[in-house]
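# Structural description and commentary
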Amino acid sequence: QVQLVESGGGLVQAGGSLRLACAASGFTFYNMGWFRQAPGKEREFVAAITWSGGSTYYADSVKGRFTISRVNAKNTVYLQMNSLKPEDTAVYYCAAAALTARYTPATAANYNYWGQGTQVTVSS
C-alpha cells in the first residue's frame, strides 16, 4: 500500500524556519515534489527532486529560501524552509511521481500519489 505522510508543519514567525518531512512507504524509485495550497488559491508547485537526488527544481517564489533533499535509505524527503514569509502560509503536500522520460516537476498531474498535507502558518 502506497502511503505518504507529511510532518513538521506549524506556526512560525516571519523570518523563521521549519523543516517538513515526507515519509514514503509502499514504493521506490519515484521523483518527489512538494506543493502548497493557500485558502482560496489553487495548488502550486514549490519544489521537486529526482529519485537519485541528482536534480532539484524550485518555484521562483521560494528559490534561495527553500531546499529540498531526500534520504532514500529512509524513504524520506525533506523541505527545509528558511526566511519564511506570511505569503508562505499554506497546506503543504508531498507527492510522488513515477519515473518517466516526460517528467515535468511543476505539473501536479505528473504525480501519482499525494500525502494528506501539513499546515504551515507564518505570522507577521
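Look up: the structure comes first, before these words.
Predicted model only: the values in this text are computed from it and were never measured.

### Concerning the pattern of salt bridges
Note that side chains of opposite charge can pair when their charged atoms are close. Tallied over the full model, the rule gives 4 salt bridges. Measuring nitrogen to oxygen at the nearest pair gives 2.6 Å for the salt bridge that ties Arg36 to Glu44. Of the residues examined, Arg36 reaches a relative accessible area of 5% and is grouped as buried. Looking at Glu44, the relative accessible area reads 34%, which means it is partly exposed. As a salt-bridge pair, Asp60 and Lys63 come within 3.2 Å of each other at their nearest N and O atoms. Residue classification places Asp60 among the exposed positions, given a relative accessible area of 67%. Residues joined in a network through salt bridges with shared partners are Arg36, Glu44, Arg65 and Asp88.

### Thoughts on the environment of Phe29
Locating Phe29 in the fold gives a position in the loop between strand 3 (18-25) and strand 4 (30-37). A relative accessible area of 53% places Phe29 in the exposed class. Placed 26 residues apart in sequence, Phe29 and Gln3 show a C-alpha to C-alpha distance of 14 Å. With residues up to four places along the chain from it excluded, the contact list for Phe29 reads Trp51 and Leu99.

### Digging into the packing of aromatic side chains
Aromatic ring pairs are reported here in terms of the distance separating the ring centres and the angle at which the planes meet. All chains considered together, the criterion is met by 6 aromatic pairs. For the ring pair Phe35 and Phe45, a centre distance of 5.7 Å and an interplane angle of 70 degrees mean the geometry is edge-to-face. Placement of the pair is Phe35 in strand 4 and Phe45 in strand 5 (residues 44-49), with a sequence separation of 10 residues. Accessibility classification places Phe35 together with Phe45 in one group, the buried group.

Procedures and definitions
Residues numbered from 1 in each chain as written. Predicted model: local features only at pLDDT ≥ 70, side-chain atom pairs only at ≥ 80, totals over all residues. Heavy atoms only, no water. Salt bridge = Lys/Arg side-chain N within 4 Å of Asp/Glu carboxyl O. Buried < 20%, exposed > 50% of the residue type's maximum accessible area, 1.4 Å probe, protein only. Helix = DSSP H or I, 4+ residues; strand = E, 2+ residues; numbered from the N terminus. Contact = heavy atoms within 4.5 Å. Phe/Tyr/Trp six-rings, centres within 6.5 Å; stacked < 30°, edge-to-face > 60°.

Purely geometric stuff here, so don't read any function into it on its own.
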